Each structure stands twice: as C-alpha cells, then as structure tokens.
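Residues per chain are reported as follows:
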Amino acid sequence: METLKFDLDAKPLREVNQFLHGDASLLDGKSVVIENPNGAHNIAVGLKSDVHVTIKGHAGYYAAGMNQLAKVTIEGSAGSGVAENMMSGVVHVKGFASNAAAATANGGLLVIDGDAGLRTAIALKGADVVVGGSVGSFSAFMAQAGNLVILGDAGEGLGDSIYEAKIFVRGTVKSLGADCEEKTTSPEDRKILADLLAKAGHSDVNPDSFKQYGSARTLYHFHVDNAGAY
Amino acid sequence: MCGIVGLLVRNPKMRDSIGELMLPMLIGMTERGPDSAGLAMFGPSVAANERKFSLYSGTADFNWTKLGHDFEKHLSIKAKVEPKVNHAVLTTSLEPETVKIWLKEHYPQLHLLSVGQLMDIYKDVGTPAQVAERYDFKNFKGTHLVGHTRMATESAITPAHAHPFTAGEDWCLVHNGSLSNANSLRRKLQYEGIEFETDNDTEAACRFLQWRMREGDDLETALNHGFEELDGFYTLLMGTSNQLALVRDPFGCKPAIIAEHDDYVAIASEFRSLAHLPDIKNAKVFEPSPKEMYVWKL
C-alpha cells in the first residue's frame, strides 16, 4: 500500500486538507501520514474517501470532523469536537479527547483510548462511540440514536433529555440527567455492546460488566407534571 | 475568546531562558487573543525591605528620570527606576501605602500595575508578537510566569483592561472566558470597600478573590467561594511568589491543557502553544478537570 507523508511544519494544513479532499478514486486505499500536527485545528476534516490518515501527535479542534468513509488515527490527544458530525468511517484517538467528541455524529465509529471531556456524544444521531477511559459531565445530552460505550466512569447529568441512543457504562455514574434511567440489557443490546467492544480493541472486556442507560420517555410529550424537568 | 499561558521552570539551569521558552507560547495564542497581551514575570527578589512597583505611563516619551528624582527629593529615600518604553519598575524600601499615595498625588496619570518583591507586570495593546517585542519578553529571566492574549468581548481595548490583574503583592490572575454577573459582583465588592480600576469582568473576579483573601480565606477556600459566586465561563490562571494555580468553571466551557515535565510545568489554552517546548514528547500532557484546583509549587 502506498504511503504519503506530509509535514505540517513544512506544508500548510490547507494544502494537505485539499489533497485529502481530492478525487476519491485516486485516494481510496491510500495511506497518508501527517507529521508535526502540533495541535493545529481542523486536521483531516471533511474527508470523503476510503483513505487511511495517521496523525503523528496531538491534534487541535475539530480533527476528522464531518468524516465520511475515511479511517483517521490520531496518535496523540484530540482537541474539542473530534469527529463532530461524522457520517461514516472510523476515527481512533489513542490519547485523550477534549469536549464534545462526536457531537451530532450520524454514523461511523469513534474510538477514544483515553478519557473524553464534557459533553461527549452530545446530540448523537446514530454513530457509535467507545471511550476506553471516563467521560465528563453532560455526555450523551439529547442523544437521539447510536451507542455510547464508556469503560470508565461518567460525570454528572449523563444522558440528560436523551432520546433513543443507548449508553453502556462499566464504571460509576456520578448522576443521571433528566429522563435518563437504567435499563435491562436485552440479548440484542448485549450483542451490539460485544461487537463494539471487539471493534474498539476491547474484546477482553466482559459485556456483562456494563450497566445500560436510556430514555424513560417521559419527556417526549409535554405533561404539566413534568414542567420542572424541562 | 482569549488565550492563557503559564510556565514554571523546575530546572534551575533553564530559568535564564524562561523568556525564550515562553515567547512561542504567547505567540501561539495570537488567534485566540490578537488585540492585547500581558505578562507577569516572577524574577529575582529585591532586598527583604524593598518592593518593586510596576508602572505604566501610556506614552513612550514619559520622563522616568524626573519621576525618580522627584521621588527621592520629596520622600528623602532612595529609589531605582528601570524604564522599558512606557513601563517602568520602581524599586524602593518605602512602604507601599506611602508610595501609592505619593504616586496618586504627583503622577495621577500613571497606572500602578503591581506591587511585590518578585513580580513585574507588562501589558499593552497590540498583537502578542508586537507586545513581546516592545518589552523584550524574550530576554526575561525568572522562575515562573503568567501570560495572556486578549480578544475583548465585554469591555474596551486599553492597556488597563488587558490582563494580568493583581490582587495583592506578588499575586496575579489571567482569565479566559466571560462573567455574566461582573456588575453585581462589582457593586457588592464596592460596598466592602474594594476599589476597582476598570469595568472589566476579569477584574471583578480578581477583586472577589482579593476580598475573600482579605477576609481570611486561603487561595483554595477563596476559589471554592468563587465557584459559588462567579457566574459565567472561566479558566483562571493565577501566579503567586512560589506557585501557579489553575481552575476551570464547573461546565468546562473554556479550555486548558497542561504539560508536566521534570524540567517544567507549562499551561496553555491549547496544545499549539506547548508543541515547541523541549522534550515535550516525554511530558505528561493532560486536560484539567472542571471545578478542580491545580497547584504547582516551585
């Protein structure tokens, strides 16, 4: 497989991103390495071909945002909004991720090996997110579809005003948000969890060690008794 | 927006180049804060009976020599004045209250930026690179520092509105964020006899901590009161004679990233300001949790 190298100390990020936005038929199956990312914003955003991008260090804000098809690996940490609004493909952060990882993501898989910040998977719309460490407060806020798997702990207000996304937590939850409750895991959900653990490189982790959370569906329609919860 | 940077040099051999290490950190935060910049530098101490007074004149043609002569003539006491463009550091053994009264009476146009034995403050409008060049930040020597790049969102762009702010001797604070209850805090604190120099929201946070510490709080207790009373978004970085301290608001709205290394501790709003630091690959890089206090001592 052909590997192309870009050094962000020598080449402007805009040129690298423009290259990555090129004709999909020329990029499919190619490997691209980005050296010296040094926390730059918007690295590898808007990709739309089956290209493999490896970022050799720490990325800034919105890395791999709006991703489609591509596989992006960040060898360091990621700033706010990694894989935000991802449509498909795989984004793998080997370090930690800052706030709002996978915000509004529609599809694809985001794997974070370390911790993730506040508002992880906020307004998730169908993507899968697997966090090897813990997540900050207000994660999965108003999450509509998709799965958030947390191997560590969750902060305050987990799943506040959640719709139909599923949350699996192995550690402790500091507090649940409004209308989020613990669920019993069905065989189908257990399979979803086991598959995601395998895809994220955690096949050694027992799916039965997780608790599942989801919507109590009491806020779907306005009811005067719930006025205080809105 | 705004950018913050902090650097505490643990390796004594590297302290002579703290200015050089810091400069790319400050410039790295230009996009976050292009309109003004400031730096509090903790350098070698003056003699035990002396204090340094960081002064700002506003104009480059200010006659600092005359100020020194007037001071010595009127008060019959020695003073050293070291000018740097429109800033100067006045060193004297006269007690601070007398110096403040004298300055107010004879040089009301001067701003007193800080008082202390270790800390000098420089702040001005301009891009971080321009401000750093103006005051030769690159050649500063010392143990630790706190810097700021400002993008004004709630009050005017003037040197006085730039950060750092001080709340006592050898004590300074910079802020990234915005406070929504700065005006009510200011009114409340004015009743407590706390004086304000600007309508800046960061100054309100700074004066709040100053008031709490006046009332006997240590820094940690003061900051815990701050979590209850400061309404808004903030990452606050503080410098004292022998430490740096950092807090983020409970919602983690404003960023911070930390690199801990055997030789140094570096703090910035974003990793871009830390990337150039020596051996950064072997530093422990992490994001501080909201509503927690982080302290690094010399």
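Before going into details, it helps to say that this report is about the structure given with it. Everything numeric in this text was worked out from a predicted model, so none of it was measured. (Residues numbered from 1 in each chain as written. Chains lettered and ligands numbered in written order. Predicted model: local features only at pLDDT ≥ 70, side-chain atom pairs only at ≥ 80, totals over all residues. Heavy atoms only, no water.)

### Re the overall build of chain A
Step number 1: Within chain A one finds three helices and eleven strands.
Step number 2: Seen in sequence order, chain A has helices and strands lined up from the N terminus as β-α-α-β-β-β-β-β-β-β-β-β-α-β.
Step number 3: Its C-alpha atoms put chain A at 60 × 35 × 30 Å along the principal axes.
Step number 4: By the burial criterion, 53% of the 230 residues in chain A qualify as buried.
Step number 5: A sequence separation of at least 24 residues applies to 24% of the contacts in chain A between residues at least 6 apart.
Step number 6: Carbon and sulfur atoms make up 51% of the accessible area of chain A, which amounts to about 9700 Å² in all.
Step number 7: Between the averaged position of the 19 positive side-chain charges in chain A and that of its 26 negative side-chain charges there is a distance of 2 Å. (Helix = DSSP H or I, 4+ residues; strand = E, 2+ residues; numbered from the N terminus. Buried < 20%, exposed > 50% of the residue type's maximum accessible area, 1.4 Å probe, protein only. Contact = heavy atoms within 4.5 Å. Areas by Shrake-Rupley, 256 points an atom, 1.4 Å probe, with all protein chains shown as cover. Lys, Arg positive; Asp, Glu negative; His and termini not counted. Charge placed at Lys NZ, Arg CZ, Asp CG, Glu CD.)

### Thoughts on the overall build of chain B
Step number 1: Along its length, chain B carries seven helices and 16 strands.
Step number 2: The C-alpha atoms of chain B give 18 Å as radius of gyration, which agrees with the globular expectation for 298 residues (19 Å, within 12%).
Step number 3: Across the 298 residues of chain B, 58% fall into the buried class.
Step number 4: A sequence separation of at least 24 residues applies to 71% of the contacts in chain B between residues at least 6 apart. (Rg over C-alpha atoms; globule rule 2.2 N^0.38 Å.)

### What about empty space enclosed by the protein?
Step number 1: For the structure shown, the criterion picks out one cavity of 30 Å³ or more.
Step number 2: Of the pockets and cavities examined, the largest cavity occupies roughly 160 Å³.
Step number 3: Forming the walls of the largest cavity are 18 residues, and the residues nearest its centre are A:Tyr61, A:Gly79, B:Ile257, B:Glu270 and B:Phe271.
Step number 4: Among the residues making up the lining of the largest cavity, the classes are represented as eight nonpolar, eight polar and two charged. (1 Å grid on protein atoms, 1.4 Å probe; cavity = no way out; pocket = protein on both sides within 12 Å on 5 of 7 lines; lining within 4 Å. Points joined across faces, edges and corners; volume = space filled by probe spheres on them. Nonpolar A, V, L, I, M, F, W, Y, C, P; charged D, E, K, R; others polar.)

### Description of the packing of aromatic side chains
Residues and elements named next belong to chain A.
Step number 1: This structure, assessed with the given rule, holds 15 aromatic pairs over all chains.
Step number 2: Considering the side-chain rings of tyrosine 61 and tyrosine 62, the 5.8 Å spacing of their centres and the 80 degrees angle between planes classify their relative orientation as edge-to-face.
Step number 3: The exposure class of tyrosine 61 is buried, given its relative accessible area of 12%.
Step number 4: For tyrosine 62, a relative accessible area of 34% translates into the label partly exposed. (Phe/Tyr/Trp six-rings, centres within 6.5 Å; stacked < 30°, edge-to-face > 60°.)

### Here's the deal with the sheet that holds strand S3 (residues 51-56) of chain B
Residue and element names in this part refer to chain B.
Step number 1: Ordered by their spatial adjacency, four strands build an open sheet running S4-S5-S3-S6, and the pairing between neighbours is antiparallel. With partners counted over all chains shown, the strands left at the sheet margins are strand S4 (79-84) and strand S6 (111-116), one partner each. Taking each pair of neighbouring strands and ignoring which way they run, the sheet shows an average axis angle of 20 degrees.
Step number 2: Summarising the sheet, S3 and S6 pair through five bridges and their orientation is antiparallel. What sits directly across from serine 54, in S6, is serine 114.
Step number 3: Contacting S3, S4 and strand S5 (87-92), helix H2 (residues 64-75) crosses the sheet at an angle of about 165 degrees to S4. (Pairing = 2+ DSSP bridges. Axes fitted to C-alpha atoms, helices over the stretch in contact; angles between N-to-C directions.)

### Digging into the layout of surface pockets
All names here are of chain B.
Step number 1: Size it by volume and the largest pocket reaches roughly 1000 Å³.
Step number 2: Lys100, Leu112, Glu195, Glu197 and Arg207 are the residues nearest the centre of the largest pocket, which is lined by 32 residues in total.
Step number 3: Of all elements in the fold, only helix H3 (96-106), S6, strand S9 (165-166) and helix H6 (201-214) reach the threshold of two or more residues within the lining of the largest pocket.
Step number 4: Per-element tally for the lining of the largest pocket: the top contributor is H3, with six residues.
Step number 5: What the second largest pocket holds in volume is close to 710 Å³.

### What to know about the side chain of A:Arg119
Step number 1: Along the polypeptide, A:Arg119 turns up in the loop between strand S6 (109-112) and strand S7 (125-131).
Step number 2: One buried charge, A:Arg119, has no salt-bridge partner; the nearest side chain with opposite charge is B:Asp249, at 6.9 Å.
Step number 3: In contact with A:Arg119, other than residues within four places in its own chain, are A:Asn99, A:Ala100, A:Ala101, A:Ser137, A:Phe138, A:Ser139, B:Phe251, B:Gly252 and B:Cys253. (Salt bridge = Lys/Arg side-chain N within 4 Å of Asp/Glu carboxyl O.)

### Re the interface of chain A and chain B
Quite often, the size of an interface is put as the accessible area lost when its parts meet.
Step number 1: With 13 residues of chain A at the interface, the matching set in chain B holds 16 residues.
Step number 2: Carbon and sulfur atoms supply 59% of the area buried between chain A and chain B, which totals about 1100 Å² over both sides.
Step number 3: Taken together, the links from chain A to chain B amount to zero salt bridges.
Step number 4: Taken together, the residues of the side of chain A that touches chain B sort by class into five nonpolar, seven polar and one charged. (Buried area = accessible area lost by both parts, 1.4 Å probe.)

### Re the nonpolar core
Step number 1: Membership of the largest hydrophobic core comes to 57 residues, with the highest contact counts inside it found for B:Leu7, B:Phe137, B:Leu246, B:Leu274 and B:Trp296.
Step number 2: In terms of residues, this core owes the most to one element, helix H1 (residues 18-28) of chain B, which gives six residues.
Step number 3: Counting residues in each nonpolar core, the second largest holds 51 residues, with A:Ala44, A:Ile55, A:Met86 and A:Ala101 among its members. (Core = buried A, V, L, I, M, F, W, Y, C linked by side-chain atoms within 4.5 Å.)

### A word on helix H3 (residues 187-199) of chain A
Residue and element names in this part refer to chain A.
Step number 1: A rise of 1.5 Å per residue sets the reference length of H3, with its 13 residues, at 18 Å; its end C-alpha atoms lie 18 Å apart and thus fit the reference within 8%.
Step number 2: Within H3 the residues assigned to the buried category are Asp189, Leu193, Leu196 and Leu197. What you see down the axis of H3 is that its buried residues fit within an arc of 100 degrees, all on one side. Residues of H3 that are exposed and point over 90 degrees away from its buried face: Pro187, Glu188, Lys191 and Lys199.
Step number 3: Looking at the buried side of H3, the elements it contacts are S6, S7, strand S8 (145-150), strand S9 (166-169) and strand S11 (211-215). (Expected span 1.5 Å × (residues − 1). Arc of directions from axis to C-beta.)

### Overview of helix H7 (residues 219-229) of chain B
Step number 1: For H7(B), the full list of buried residues reads B:Leu219, B:Ala222, B:Leu223, B:Gly226 and B:Phe227. Looking straight down H7(B), one finds its buried side chains confined to an arc of 150 degrees; they lie on one side.

### Concerning the environment of B:Glu133
Residues and elements named next belong to chain B.
Step number 1: Relative to the helices and strands, glutamate 133 is located in helix H4 (residues 128-134).
Step number 2: Residue classification places glutamate 133 among the exposed positions, given a relative accessible area of 65%.
Step number 3: When the C-alpha atoms of glutamate 133 and leucine 23 are compared, they prove to be 9.6 Å apart, with 110 residues separating the residues in sequence.

### Here's the deal with the sheet that holds strand S11 (residues 232-240) of chain B
All names here are of chain B.
Step number 1: Pairing within the open sheet is antiparallel, and its five strands lie in the order S9-S10-S11-S12-S16. Looking along the sheet, the strands with just one partner apiece sit at the ends: S9 and strand S16 (294-297).
Step number 2: Sheet analysis places strand S10 (residues 172-179) next to S11, joined by eight bridges and oriented antiparallel. Of the residues in S11, the one forming a bridge with leucine 173 is methionine 238.
Step number 3: Of the strands in this sheet, S9, S10 and S11 touch H6, which is tilted by about 125 degrees from S10.

Limitation: the analysis is restricted to geometry and does not speak to function.
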